[in-house]
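Overview (structure and organization)
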Amino acid sequence: MLESLLPELIVAVFALAVIFIDMTLREDDREFLGYLSLAGVLLALAAVLMQTKEALQSPVLEAGVFSGLMRIDLFAVFFKVVFLLVALMVVLGSIDATRKDRYKGEYYSLVLFSTLGMMFAAMAVDLVLMFVAVELATISTFALAAYRKSRRTTEAAMKYFVVGAFSSGLIVFGMSLLYGLSGSTNLYEIAGAMGSGDLYWVQVLAMVFLIAGFGYKVAAVPFHMWAPDTYQGAPSPVSAFLAAATKKMAFVALLRIFVVALSAPALVEKWALLFGILAAVTMTLGNVVALSQRNIKRMLAYSSIGQAGYVLIIFALLASGADVSLSVGAGLLHIFTHAIMKGGAFLVVAAASYYMIGSELEDFSNLGRRLPLTALSMTVFLLSLAGIPFFAGFVSKFMILTATVAAGGWYLFLGILLVVNSVVSLYYYARVIRYMYFAGGEVRREPEPALLTVALLLAALLVVYIGVFPDSFVSLSIDAAGSLFS
Amino acid sequence: MSVTVFHYVFLGMLLFSIGAYGLLSSRNAVRMLMSIELMLNAANINLVAFSSYLGNLHGQAFAAFTIAIAAAEAGVGLAILLALYRNFRTVNLREIKELRW
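Not measured: the values here are computed from a predicted model. Sequence positions are assigned chain by chain, starting from 1 and proceeding in written order. All chains are assigned letters beginning at A, and all ligands numbers beginning at 1, according to the order in which they are written. This being a predicted model, a pLDDT of at least 70 is required before a residue's local features are given, and a value of 80 or more before pairs of side-chain atoms are given or counted; all residues contribute to the totals for chains, interfaces and linings. Side-chain descriptors were evaluated using all non-hydrogen atoms of the structure, hydrogens and water having been removed beforehand.

Here the focus is unusual backbone geometry. At Lys149 of chain A, a position not held by glycine, the phi torsion is positive, near 55 degrees. By the criteria applied, helices consist of DSSP H or I runs no shorter than four residues and strands consist of E runs no shorter than two, each listed in order from the N terminus. Tracing the sequence through the fold places Lys149 of chain A in the loop between α5 (127-145) and α6 (151-182).

Structure below.
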């Protein structure tokens, strides 16, 4: 049983090791901690990839670890790969990006602990473990957001903290109602007790609490106002981590709770409608507001909100009777591709700030000649986010579109909205590319930070690879979605 | 009239509403922290009441974890609050607007 938790053990051991070794090192030697965390993430990634290989043979590796607290299936393993890939990018980028900062030990151990929380959240099928894991991941990121203790980062962290704690309150209250209604904290046992009885309205109430709570965490539209401020104010590698990993964790918990525990048809028709409305409003508002943003981090934050709207579409599709694996699989693939490209885009801002280049649109003028490799990977991420063919973002958006077409009816409206929004988003993504390459003026090329550039190029390569050879990734995400039900 | 589980849940909901109102209506960071504590404890009352009503201990175990997490959250929250106060010399979020809302 313990060997199936090997990836988590590795991350936990390295997170603790980073703190303790930090105490023995002198200030100038602490860069070593970055390499130590990098080794931890790589080892854990190798262990998870081994699990993936097994899970491809039999989708459910272990149905009830620790008397039914966790379930290790292809779905969980898929997300663990996503979280570790993001952690890999962030740690690799942070070695360069935090070179001038103090308190490196705290930084890396918080990143690792947060990743650990996400990995447990991916496996949790029990409300208690899910809440503890989600909180481990978010509380670590509260501290990360305030890492530089400047005016801006503390303000961003305070806003993030207030909203994050409020959403935790909503979530735990919703969970307490679920427990009272069903007498159990296990998601599969809750599923049996829901959907009928005289307390139907309390079930709907619990559902609303959970949608609002996780709505804050994924920054869906009425609950989104914290995201632009936090992503803009937080240090760029932390913004990358927040947008690419923490947000995705909320989607994992949403999928587990809603698709497994609240799967009674009488409830599905209610929440699917709510999610449909949320998705429509979220993607439209996110993309429209992004049009007017002059700050790149803020623009990326609004685009993140829009992209979360695309993923929310798949929740609406679950009431349509269309193939569930296809709908959920489309969402999973978009979560994966978005994590890579959005994480990469924020790391580009981190690379730019390494040379004291700000994050306003004008600051990125001529980045194409100043930092050619960084600008090249930014172009890849932006084109992919816009959904241009032969990039990863196109594949996952197309899959979501296919799922809406398969569902038919009014769900087609969501698909059309997705296409319209993608066209709108192309404008503000292309604007950044125009500034990077066609601004005019004289600049000289600067040596790019090595590790950060490696992280960016690897991410860009992955984005192009998924875009050109999508087949295995599409079938992987459909299988992962299927393992949620079997 | 005896006290039933509904009374406890009503108390929990009342407490949660007070916390939510306090959080949304005030801009003083200390008061917001206190409101957050109220909301988390409202859930605890629910959990413990349900646990005793249903006759199993899941709820009490959950409440113990929630208390621990509330403490961790308050710790990190107060640390951020202190850093904020050092930078701005105020804890009123209305006066803190480096970033555009």
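We now examine the interface of chain A and chain B. Contacts between the two partners involve 42 residues from chain A and, on the opposite side, 42 residues from chain B. Two parts placed together each lose some accessible area under a 1.4 Å probe, and adding up what both lose gives the buried area. Looking at the side of chain A facing chain B, the largest losses of area belong to Arg151, Met158 and Tyr179 of chain A, adding up to 17% of the total buried there. Identification of polar contacts relies on pairs of N or O atoms within 3.5 Å, with a donor-acceptor requirement for protein atoms, meaning one able to donate a hydrogen and the other able to accept it, and with residues adjacent in sequence counted only if both atoms are side-chain atoms. Here chain A is connected to chain B by nine residue pairs in polar contact (both at pLDDT 80 or more). Elements supplying a minimum of two residues to the side of chain A that touches chain B: α5, α6, α8 (200-218) and α9 (226-233) of chain A. If you tally residues by element for the side of chain A that touches chain B, the top one is α6 of chain A, at 22 residues. In this classification, the charged set is Asp, Glu, Lys and Arg, the nonpolar set is Ala, Val, Leu, Ile, Met, Phe, Trp, Tyr, Cys and Pro, and all remaining amino acids, among them Gly, are polar. Across the side of chain A that touches chain B, the residue classes tally to 23 nonpolar, 11 polar and eight charged. We call two residues in contact when some of their heavy atoms are within 4.5 Å.

Residues and elements named next belong to chain A. Both cavities and pockets are sets of points on a 1 Å grid over the protein atoms alone; in a cavity a 1.4 Å probe fits but cannot get out, in a pocket the set is open with protein on both sides within 12 Å along at least five of seven lines, and lining residues sit with an atom within 4 Å of a point. Grid points are joined across faces, edges and corners, and a volume is the space filled by probe spheres set on the points. The computed volume of the largest pocket comes to approximately 570 Å³. Lining the largest pocket are 28 residues; nearest its centre among them are Arg148, Pro235, Ser236, Lys297 and Ser353. Taken together, the elements giving at least two residues each to the lining of the largest pocket come down to α3 (74-97), α6, α9, α10 (236-261) and α13 (324-354). At four residues, α13 tops the list of elements feeding residues into the lining of the largest pocket. Partitioning the lining of the largest pocket into residue classes produces nine nonpolar, 10 polar and nine charged.

The next subject is the packing of aromatic side chains. All names here are of chain A. Note on aromatic contacts: the rings of Phe and Tyr and the six-membered ring of Trp form a pair at centre separations within 6.5 Å, being stacked when their planes are under 30 degrees apart, edge-to-face when over 60 apart, and tilted otherwise. This structure, assessed with the given rule, holds 28 aromatic pairs over all chains. Plain terms: the ring middles of Trp226 and Tyr231 are 6.0 Å apart, the flat faces sit at 85 degrees to each other, and that makes the pair edge-to-face. Given a relative accessible area of 1%, Tyr231 falls into the buried group. Placement of a positive charge over a ring is assigned whenever Lys NZ or Arg CZ falls within 6 Å of the ring centre and within 35 degrees of the normal to the ring plane. The ring centre of Tyr354 lies 4.9 Å from the NZ or CZ of Lys100, which sits over that ring. Each residue is assigned to one of three classes by its accessible area relative to the maximum for its type, calculated with a 1.4 Å probe on protein chains only: buried under 20%, partly exposed between the two thresholds, exposed over 50%.

Here we come to the nonpolar core. Proteins that are soluble and globular tend to have nonpolar side chains buried together. Residue and element names in this part refer to chain A. Nonpolar cores were defined as sets of buried Ala, Val, Leu, Ile, Met, Phe, Trp, Tyr and Cys residues, with membership established by side-chain atoms within 4.5 Å. One finds Phe258, Trp271 and Phe364 to be the most contacted residues of the largest nonpolar core, which totals 239 residues. At 20 residues, α3 tops the list of elements feeding residues into this core. When sequence neighbours within four positions are dropped, the list of residues in contact with Phe364 reads Ile296, Val348, Val349, Ala352, Ile357, Gly358, Ser359, Met378, Val432, Tyr435 and Met436.

Attention now goes to the pairing of strand β1 (residues 60-65) of chain A. Residue and element names in this part refer to chain A. A pair of strands counts as paired when DSSP detects no fewer than two bridges linking them. Taken together, the three bridges between β1 and strand β2 (residues 70-73) define a ladder with antiparallel strand orientation. Across the sheet, Val60 pairs through a bridge with Asp73, a residue of β2. With antiparallel pairing between neighbouring strands as the criterion, β1 and β2 make up a hairpin whose turn holds four residues, including Phe66 at a positive phi of roughly 50 degrees.

All names here are of chain A. Whenever a carboxyl oxygen of Asp or Glu lies within 4 Å of a side-chain nitrogen of Lys or Arg, that contact is scored as a salt bridge. One pass over the structure, following the stated rule, counts 17 salt bridges over all chains. Between Asp28 and Arg26 there is a salt bridge, with its nearest N and O atoms 3.7 Å apart. Across the pair, exposure class does not vary: Asp28 and Arg26 are exposed alike. In this structure, the salt-bridge partner of Asp101 is Arg148, at a minimum N-O distance of 2.8 Å. Of this pair, Asp101 sits in the loop between α3 and α4 (104-123) while Arg148 sits in the loop between α5 and α6, placing them 47 residues apart in sequence. Judged by relative accessible area, Arg148 falls into the partly exposed class, the value being 35%. Each of Asp22, Glu27, Arg30 and Arg102 takes part in salt bridges that share partners, so that together they form one network.

So, on to α4 of chain A. One fewer than the residue count of a helix, multiplied by 1.5 Å, yields its expected span. Along its 20 residues, α4 of chain A runs 29 Å from first to last C-alpha, staying within 8% of the 28 Å computed at 1.5 Å per residue. With 17 of its 20 residues buried, α4 of chain A lies for the most part within the structure.

Turning our eyes to something else, we now look at the side chain of Lys80 of chain A. Residues and elements named next belong to chain A. With respect to the secondary-structure elements, Lys80 resides in helix α3. Residue Lys80 is classed as buried on the basis of its relative accessible area, which comes to 0%. If we skip the residues at most four places from it in the chain, Lys80 touches Pro7, Glu8, Val48, Gln51, Met119, Ala122 and Met123.

Residues and elements named next belong to chain A. For the structure shown, the criterion picks out one cavity of 30 Å³ or more. Considering only enclosed or pocket space, the largest cavity measures out at about 70 Å³ in volume. In this structure, the largest cavity is lined by Thr138, Phe142, Tyr160, Val163, Gly164, Ser167, Tyr216, Lys217, Trp226 and Thr246. Counting residues per element, the ones that place at least two in the lining of the largest cavity are α5, α6 and α8. Examining the composition of the lining of the largest cavity, we find that four residues originate from one element, α6, more than from any other. Residue classes in the lining of the largest cavity are distributed as five nonpolar, four polar and one charged.

A few words now on the packing of α8 of chain A against helix α11 (residues 265-291) of chain A. Residues and elements named next belong to chain A. To define axes, lines are fitted to C-alpha atoms, for helices over the stretch in contact only, and angles between the resulting N-to-C directions are given on a 0 to 180 degree scale. The geometry of α8 relative to α11 is characterised by a closest axis approach of 11 Å and an angle of 30 degrees between their N-to-C directions. With respect to each other, α8 and α11 are oriented roughly parallel. Between α8 and α11 lies a crossing whose hand is right-handed. Contact with α8, carried on its side by Tyr200, Gln203, Val204, Met207 and Ile211, involves Ala266, Leu267, Lys270, Trp271, Leu274, Phe275 and Leu278 of α11 and no other residues of that element. Considering only residue class, the contact of α8 with α11 consists of 10 nonpolar, one polar and one charged. Just so you know how the angles are binned, under 35 degrees is roughly parallel, over 145 roughly antiparallel, 65 to 115 roughly perpendicular, and the rest oblique. By definition, any crossing whose near helix is turned counterclockwise from its far helix by less than a right angle is left-handed, and any crossing with a clockwise turn is right-handed.

With that settled, consider a nonpolar patch on the surface. Only residues whose relative accessible area exceeds 30% and that take part in no salt bridge are eligible for patches, with like-charged residues grouped when within 9 Å of each other and nonpolar side chains (Val, Leu, Ile, Met, Phe, Trp, Tyr) grouped when within 5 Å. Note on areas: these come from Shrake-Rupley sampling with a 1.4 Å probe, and a residue is covered only by the protein chains present in the view. Together, Leu273, Ile277, Val281, Leu285 and Trp410 of chain A make up a nonpolar patch on the protein surface, roughly 440 Å² of accessible area in all. Its location among the elements puts Ile277 of chain A in helix α11.

Looking at the element boundaries, Met32 of chain B is found in helix α2 (residues 29-54). Measuring from C-alpha to C-alpha, the distance between Met32 of chain B and Gly22 of chain B comes to 6.7 Å, with 10 residues separating the pair along the chain. Discounting residues that sit within four places of it in the chain, Met32 of chain B has contacts with Val162 of chain A together with Leu23, Ser26, Arg27 and Leu93 of chain B.

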